[in-house]
Amino acid sequence: MCTYIMNPCVFIIFSLLLLLTETTTANQLVAVGGGGGDDDDKGVVNKCTDKERHALLDFKVSIQDPNGHLYTWKAEEDDCCKWFGVTCNNETGHVTELELWHSGLGGKISHSLLNLSNLNHLQLSFNSFHGPIPTFIGSMTQLRYLDLSDNGFNGIIPASLGSLTELSYLDLSHNSLYGTIPPEFGNLTNLEELLLGYVGRCRVENLEWISHLSYLQHLEMDEISMSKANNWVNVVLGLRKLSHLSLQGCELSQVMDPYSSFVKSSSSIEILDLRNNNLTSSMYTWLFPLTNNKLRFLLLSSNTLDGIPKYLGNLCSLEVFRFENNSAIVNLPDFLNNLSGCTSVTLQWLSASGSQFTGSLPDEIQNFSNLGYLCLSHNYLNGTISEKVWELPKLETLDVSFNNLRGAISVNIGNSKVSIIDLSKNSLEGVPSIDPMSNLSYAEAIDLSSCNLGPQFPKWIQNLKHLTRLDISNTRISDTIPLDFWDTWPSRLHYFNLSSNNISGKVSDLSSNFDFGSVIDLSSNNFYGPIPNVSSTVASLNLSRNKFYGGISFLCQIVDGFLQVLDLSHNFLTGELPDCLWNFKQLKVLNLGHNNLSGRIPTSVESLIKLKVLYLYDNNFSGELPMSLKNCTSLNSLNLGGNKFSGNVPVWIGENLLGLYVLILRSNNFFGTMPLQLCQLENLQILDLSINNLHGTIPSCLNNLTSMVQEGFTQVQDLQYDYSSYFHLGRDGVAYADHAVVEWLGDEREFINNLRLLKSIDLSSNNLTGQIPYEITNLYELIALNLSGNALRGEIPRNMGLMKKLLALDLSRNNLSGDIPSSMSQMSLLDYIDVSCNNLAGRIPSSTQLQSFEPSRYDGNIGLCGPPLITKCPGDEEDEVPSVIGKSKGDGEGLDEFWVWFYIGGGAGFLTAFWISCGALLFNRRVGRCFFLFLDDFKDWVYVKMVVFFVNLRRVAHM
């Protein structure tokens, strides 16, 4: 008989497996039951107590739950341990955790939570609770975890929270609180994480209380003023377990004594964030003790640092260094040289975009052998890109866009493993004969926009089989595209931009290369032919400013599409707009302007419920505007100008399209009166009903157009931000909403990217009658007003001068009478005025503006007189100073003699002072040296100021 004796190791392993199985089973029971425990020996999960169940129901009654997350919290359900977000103790059935984060809850927190006497975990973040933080929470002394972040709490932080001595985690960040951070927080001696970032408008005047938090590992105090917290560095150094410190926007530059060097202590910080504190390089004296060989992340962005000290090159664990948006001039080679110690070996991420780096990208970059991400965009780098950068073995992303780099793209780029390359907005040149990029087998994203790759099309692109993003816009290419190019990346491309070149030929296929949600931009080229089939996966398609012809029936082939932006403007398209728009429920921008399209707007336009921009200008559309268009209630910009639409201006525009800020119906065949409902469009900034057949009076309620009364451009800015993501590779997008053709200064002009600056009304070339309503002068923010070519009568409103921001005013070709109001002399910004062909009379008011215009702007008003007209006003002859009759010879000689002696005295005084100054400089070396040193310093000061001025000017131009 064989006897098997179990090996002790096997026995131990078997026992552990058995224990793990039992634990897993217990956890599953808890997960299914929502909490609970064994009922003595029967193994039945205990139910929560009636007291705690009623406490939770009372809590539910006191709050709002619009998303219905608490639908399981019902009075008839007697076991609250099964309710959503509730966890109970396995043995007692008491509620121990309440996990309700990101549940859309609102209102105020009920006192009923005090009846949850065993609650140790309260998670209410990412909700909409408001009002002061309840002071009774300080009585829930069993809490070990409290998260009230990302709500709408206001008021001061209750000092009673300092009674929660069992807390190990406290998060009050992202609220609207104010006042001083309670020093009672120093009683929370078990805290490991204290998160107070963006808590509101709070401050700390003394950080002594933090020194009691000996277990603290993670501290965030972003946007809390520490301007009076002297010796805060010493307090931080005393927290021996602190590994993460974030002090963004804490006004640290205003601290008088941040550090006492008499205290010697080492730091344990691994993540240090000091961004946005307006710090200068003097901070490096107190930064030194906070750095150590454990530091992995150092963030110094948005300060005024003009370089870095050499000790930052000795941080042998540093992996991430962020230095973006520093406003002082820094030389890049010197910057990299100061990082050239062991930091250069460990650094994996270096980002310094939006600063003022100068110099070239030098060979010293080769020392950063572990660098995987390098971003130096939006700086002032010049010179060339070192070939060594392409030899970095782990570099995956390189972004040096928006600089002044020049020269040819290195042939060594083909040996690189970089997958994302952005060299755009420089003066780099391609080397098409060598095809340096043809071997970039790892490349996934390439941006060479505004580089000089042309004139030949870079065929090496077809060798990059892993591309998902390609931008070679504005690269001076003047060539055709190989036919097989359109099949190179089957279902891979996510972003494809060839715009602003001179590429010609037919586009054979837009249905195979593109991934879900992709962006295609072929605008501003010379592509021709019919538009091919387009993949239903495309989100944005821009084929504007080409020579495409034929119909647009291809739209009906896009079924269940994801298309959000469609721009086919400025082509030679013909036919009608197909009645299949129900396929485009996601469409936000539709621009078909400046083609030869005709017919009526189809009724299926009612399906475009998310449409924000509709441009059909300069076509041959006809008929009345369909009622179905009123369902497009999301519209912000509607431009139907230059067509053959007819009928009355629809009343529903003012009743349903309340979000409009651009309404252009110019040059159509609309008739009838202006509907009063247009006055309900509070956001309207541009109203153009010119060149129609409207009659009746101008509504006096136009002063209800709030956006023309109040200062600001909020509506347009929001739209520009909304659309920017559809047109670019992460920045610099063109907002289609910010575009319109407007009558300006007597000419038709196209506004692109600056429409938000324009607030105008154009009612010209109609048959409007009656007087100009005086209420119109309340539109203080109006920039342009054109009422010309009507039959308006009466006087110009007396308060017209209150419209001080007017740049253009055209009242010509009416029947206006009376004089030009004297208040108009206050309109100092006028750049264009025309009141010709009226019945105005009297003197033209004197001002720096009204007399500066051509006399033709006042022609056709027989009664007008005074400059700039040659017609003199009555009384002008008498007002002239009469010539002196009988003046004696002696009088003239006396006057001449006075001026002779005046010039002699002035000249002698100047020569005397000049030679005294020169003598002091020539014969007194000390004085001369001081003067010339001052001159050198003054020259340097002027140079720096001019550099900073042009830097800021250039940055604004790029925005």
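Residues numbered from 1 in each chain as written. Predicted model: local features only at pLDDT ≥ 70, side-chain atom pairs only at ≥ 80, totals over all residues. Heavy atoms only, no water.

(A) Representation of the overall build of the protein. A count of helices and strands for the protein gives 12 helices and 57 strands. Expressed as a percentage of its 959 residues, the buried residues of the protein come to 50%. A separation of at least 24 residues holds for 56% of the contacts in the protein among residues at least 6 apart in sequence. Surface exposure of the protein reaches about 43900 Å², of which carbon and sulfur atoms provide 53%. (Helix = DSSP H or I, 4+ residues; strand = E, 2+ residues; numbered from the N terminus. Buried < 20%, exposed > 50% of the residue type's maximum accessible area, 1.4 Å probe, protein only. Contact = heavy atoms within 4.5 Å. Areas by Shrake-Rupley, 256 points an atom, 1.4 Å probe, with all protein chains shown as cover.)

(B) Local environment of unusual backbone geometry. Following Pro867, the chain continues to Pro868 via a peptide bond in cis, the omega torsion being 10°. Positionally, Pro868 belongs in the loop between strand 57 (863-865) and helix 10 (876-879). The backbone of Ser524 sits at a positive phi, close to 55°, despite the residue not being glycine. Checked against the element boundaries, Ser524 lands in the loop between strand 31 (514-521) and strand 32 (526-529). Overall, Ser524 belongs to the partly exposed group, its relative accessible area being 27%.

(C) Structural context of the state of the cysteines. One pass over the structure, following the stated rule, counts six disulfides. Here Cys679 pairs with Cys701 through a disulfide, and the sulfurs are 2.0 Å apart. Looking down the S-S bond of the Cys679 and Cys701 bridge, the torsion is 65°, so its handedness is right-handed. With a gap of 22 residues between them, Cys679 in the loop between strand 44 (669-672) and strand 45 (686-688) and Cys701 in the loop between strand 46 (693-696) and helix 8 (706-709) connect regions that are remote in the sequence. With respect to class, Cys679 is no different from Cys701; both count as buried. Counting only the cysteines that form disulfides, in the order they appear in the protein, gives the pairing 1-2, 3-4, 5-6, 7-8, 9-10, 11-12. (Disulfide = S-S within 2.5 Å.)

(D) Expanded view of the sheet that holds strand 30 (residues 504-506). With parallel pairing, 10 strands are arranged side by side in an open sheet as 30-32-34-36-38-40-42-44-46-50. Pairing within the sheet leaves two strands with one partner each, and these edge strands are strand 30 and strand 50 (767-768). (Pairing = 2+ DSSP bridges.)

(E) Structural detail: empty space enclosed by the protein. Across all of its chains, the model carries four cavities of 30 Å³ or more by this definition. Empty space within the second largest cavity amounts to approximately 40 Å³. Every residue along the wall of the second largest cavity is listed here: Leu207, Ile210, Leu219, Met221, Met226, Trp232, Val235, Val236, Leu245 and Leu247. The element contributing the most residues to the lining of the second largest cavity is helix 3 (residues 232-237), with three residues. Grouping the amino acids of the lining of the second largest cavity by side-chain chemistry returns 10 nonpolar, no polar and no charged. (1 Å grid on protein atoms, 1.4 Å probe; cavity = no way out; pocket = protein on both sides within 12 Å on 5 of 7 lines; lining within 4 Å. Points joined across faces, edges and corners; volume = space filled by probe spheres on them. Nonpolar A, V, L, I, M, F, W, Y, C, P; charged D, E, K, R; others polar.)

(F) A look at the packing of aromatic side chains. Scanning all chains against the criterion turns up 19 aromatic pairs. Ring centres of Phe335 and Phe357 lie 5.0 Å apart, and the angle between their planes is 80°; on these two criteria the pair is classed as edge-to-face. Remark: Phe357 occurs in strand 20 (residues 356-358) and Phe335 occurs in helix 5 (residues 332-337); sequence separation between them is 22 residues. Judged by its relative accessible area of 3%, Phe335 is buried. A relative accessible area of 1% places Phe357 in the buried class. Pairwise contacts between aromatic rings join Phe321, Phe323, Phe335 and Phe357 into one cluster. (Phe/Tyr/Trp six-rings, centres within 6.5 Å; stacked < 30°, edge-to-face > 60°.)

(G) Representation of the pattern of salt bridges in the model. Inspection of the entire model under this criterion finds 10 salt bridges. Its salt-bridge partner being Asp50, residue Arg53 comes within 3.8 Å of it at the nearest N-O pair. Placement of the pair is Arg53 and Asp50 together in helix 2 (residues 50-61), with a separation of three residues, close to one helical turn. Note on Asp50: relative accessible area 48%, which makes it partly exposed. One salt bridge connects Glu205 with Arg203, and the closest N-O pair in it is separated by 3.4 Å. The network of salt bridges with common partners includes Glu270, Arg296 and Glu319. (Salt bridge = Lys/Arg side-chain N within 4 Å of Asp/Glu carboxyl O.)

(H) Region of interest: the side chain of Asn546. Counting through the fold element by element, Asn546 comes out in the loop between strand 33 (538-542) and strand 34 (547-550). For Asn546, the side chain forms a polar contact with the main-chain oxygen of Ser544, separated by 3.1 Å. Ignoring sequence-local partners within four residues, the contact set of Asn546 consists of Leu522, Ser523, Ser524, Asn525, Asn526, Phe527, His570, Asn571 and Phe572. (Polar contact = N/O pair within 3.5 Å; in protein donor to acceptor, adjacent residues only side chain to side chain.)

(I) Looking closely at the pairing of strand 46. Residue alternation in strand 46 divides its side chains into a buried set, Leu694 and Gly696, and an unburied set, Asn693 and His695. Bridge count for strand 44 against strand 46 is two bridges, and the pairing is parallel. Within the sheet, the bridge partner assigned to Gly672 lies in strand 46 and is Leu694. Where strand 46 meets strand 50, two bridges bridge the pair, whose relative direction is parallel. Looking at the pairing, His695 lines up with Asn767 of strand 50.

(J) Spotlight on the sheet that holds strand 12 (residues 200-203). The six strands lie next to each other as 1-4-6-8-10-12, forming an open sheet whose pairing is mixed. Two strands in the sheet have a free side with no partner beyond their single neighbour: strand 1 (63-64) and strand 12. Across two bridges, the pairing between strand 4 (residues 106-107) and strand 6 (residues 128-132) is parallel. Within strand 6, the residue paired with Gly107 across the bridge is Phe129.

(K) Molecular detail of the pairing of strand 54 (residues 815-818). Note that strand 52 (residues 793-795) and strand 54 share three bridges and pair parallel. Residue pairing across strands places Arg793 opposite Asn815, the latter belonging to strand 54. Bridging between strand 54 and strand 56 (residues 839-843) involves two bridges; their strand directions are parallel. Within the sheet, the bridge partner assigned to Gly818 lies in strand 56 and is Leu840.

(L) Structural detail: a negative patch on the surface. Negative charge collects at one region of the surface, where Asp363, Glu364, Glu387 and Glu391 lie side by side. Under the relative-accessibility criterion, Glu364 is labelled partly exposed at 34%. (Patch = residues over 30% accessible without salt bridge, like charges linked within 9 Å, V, L, I, M, F, W, Y side chains within 5 Å. Lys, Arg positive; Asp, Glu negative; His and termini not counted. Charge placed at Lys NZ, Arg CZ, Asp CG, Glu CD.)

(M) The arrangement of a nonpolar patch on the surface in detail. On the surface, Tyr528, Tyr549 and Phe572 cluster together to form a nonpolar patch covering roughly 310 Å² of accessible area. Residue placement: Phe572 occurs in strand 36 (residues 572-576).

(N) Layout of the confidence of the model for the protein. Of the residues in the protein, 79% reach a pLDDT of 70 or more, and the chain-wide mean stands at 83. Across residues 714-735, where pLDDT falls below 50, the model places 53 contacts with residues more than four positions away in sequence or in other chains. Counted against residues more than four places away or in other chains, residues 879-895, with its pLDDT under 50, gives one contact. (pLDDT = per-residue confidence, 0-100.)

(O) Layout of the nonpolar core. By size, the foremost hydrophobic cluster in this structure holds 231 residues, and its most contacted members are Phe185, Trp232, Phe321, Phe323 and Phe335. When residues in this core are grouped by element, the largest group, five residues, is from helix 3. Setting aside residues no more than four positions away along its own chain, Trp232 makes contact with Leu207, Met226, Leu245, Leu247, Leu252, Val255, Pro258, Trp286 and Leu290. Listed in part, the seven residues of the second largest apolar core include Val662, Ile664, Ile686 and Leu758. (Core = buried A, V, L, I, M, F, W, Y, C linked by side-chain atoms within 4.5 Å.)

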